[in-house]
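Structural characterization, general
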Amino acid sequence: MADWRSWHAEYDDAASPMAQRLAAVQQQIALALDRAGPGPLRLLSLCAGQGRDVLPVLAGHPRGGDVRGRLVELDPELAAAARAAAPPSIEVVTADAGTTEAYDDAAPADLLLLCGIFGNVPDGDIERTVAAVPSLLAHGGTVIWTRHRRAPDATSRIRAWFAASGVAETAFLAAPGEGWSVGAGVLRAPSRRPNGTRRLFTFAR
Ligand SMILES: C[S@@+](CC[C@H](N)C(=O)[O-])C[C@H]1O[C@@H](n2cnc3c(N)ncnc32)[C@H](O)[C@@H]1O
């Protein structure tokens, strides 16, 4: 099993690829908040880690106070760090985000984060998760995702799956070579009711 606690330490090195990926994700979160309509906004982050992508953005963005929602993280220590950093409007649940049971009652969201997942699960799980996005995201809401580009680079297929789910891409940012990529898009298809509780993905390591 991967050491996800050590993995987060790379964020502390501003010159690291992961810190650059973090900045790209945070930029897309801020843009999603910029374009969101007035009123309350619902957040759902799966495999949220320490919440270091979204929580600092909420703290600094004028719409941050409008956001309520849920971070789902399996590792209790990482979840505790996220909980300590989260405002009262953000619930941090220590649970398996691979099944919708952990967030059936928190969807659809206006901002859905699928960061740090697609590099750790089989392609079929990615496709299933992307196909489920219209049941997790409200019409007009933003989904942000990440994936490395190591061969065989899956990002073209992932982007096509998002398009087939009715997500219009707003950004695709990629580090040089086979490094990280960050995708963002807005759900232009109707949101649909979930088809019962189901498993979307299982981490391979
Ligand atoms: C690559 S990290 C990404 C963390 C965060 N999303 C980010 O991008 O900063 C993957 C995270 O997924 C968590 N994780 C692994 N399997 C999980 C599962 N089944 N349910 C919820 N979280 C899981 C790990 O503990 C780790 O914090």
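Up top is the structure these notes are about.
What you see is a predicted model; the values in this text were computed from it and never measured.

1. Some details on the overall build of the protein
Across its full length, the protein holds 7 helices and 7 strands. By the compact-globule yardstick of 17 Å for 205 residues, the protein fits well, its C-alpha radius of gyration being 15 Å. Across the protein, the fraction of contacts at a sequence separation of at least 24, relative to all contacts at a separation of at least 6, is 73%. Accessible surface computed for the protein: about 9,100 Å², of which carbon and sulfur atoms make up 54%. One way to put it: in the protein the 21 positive side-chain charges average out to a point 5 Å from where the 22 negative ones average out.

2. Examining the pairing of strand β1 (residues 41-46)
Where burial is concerned, most of β1 is hidden: 5 out of the 6 residues are buried. The parallel pair β1 and strand β2 (residues 67-73) is bridged by helix α3 (residues 54-60), and the resulting crossover is right-handed. Two strands pair when backbone bridges link them, and β1 and strand β4 (residues 109-114) are joined in this way by 3 bridges, in the parallel orientation. Note on β4: the bridge partner recorded for Ser45 is Leu113.

3. Regarding the state of the cysteines
According to the stated counting rule, one finds 0 disulfides in the structure shown. The thiol sulfur of Cys47 is not disulfide-bonded, and the nearest other cysteine sulfur, from Cys115, lies at 10 Å. Residue classification places Cys115 among the buried residues on the basis of a relative accessible area of 7%.

Analysis parameters
- Residues numbered from 1 in each chain as written.
- Predicted model: local features only at pLDDT ≥ 70, side-chain atom pairs only at ≥ 80, totals over all residues.
- Heavy atoms only, no water.
- Helix = DSSP H or I, 4+ residues; strand = E, 2+ residues; numbered from the N terminus.
- Rg over C-alpha atoms; globule rule 2.2 N^0.38 Å.
- Contact = heavy atoms within 4.5 Å.
- Areas by Shrake-Rupley, 256 points an atom, 1.4 Å probe, with all protein chains shown as cover.
- Lys, Arg positive; Asp, Glu negative; His and termini not counted.
- Charge placed at Lys NZ, Arg CZ, Asp CG, Glu CD.
- Buried < 20%, exposed > 50% of the residue type's maximum accessible area, 1.4 Å probe, protein only.
- Right-handed = clockwise from strand over helix to strand, strands pointing away.
- Pairing = 2+ DSSP bridges.
- Disulfide = S-S within 2.5 Å.

Note that all results are geometric; they support no functional claim without further evidence.
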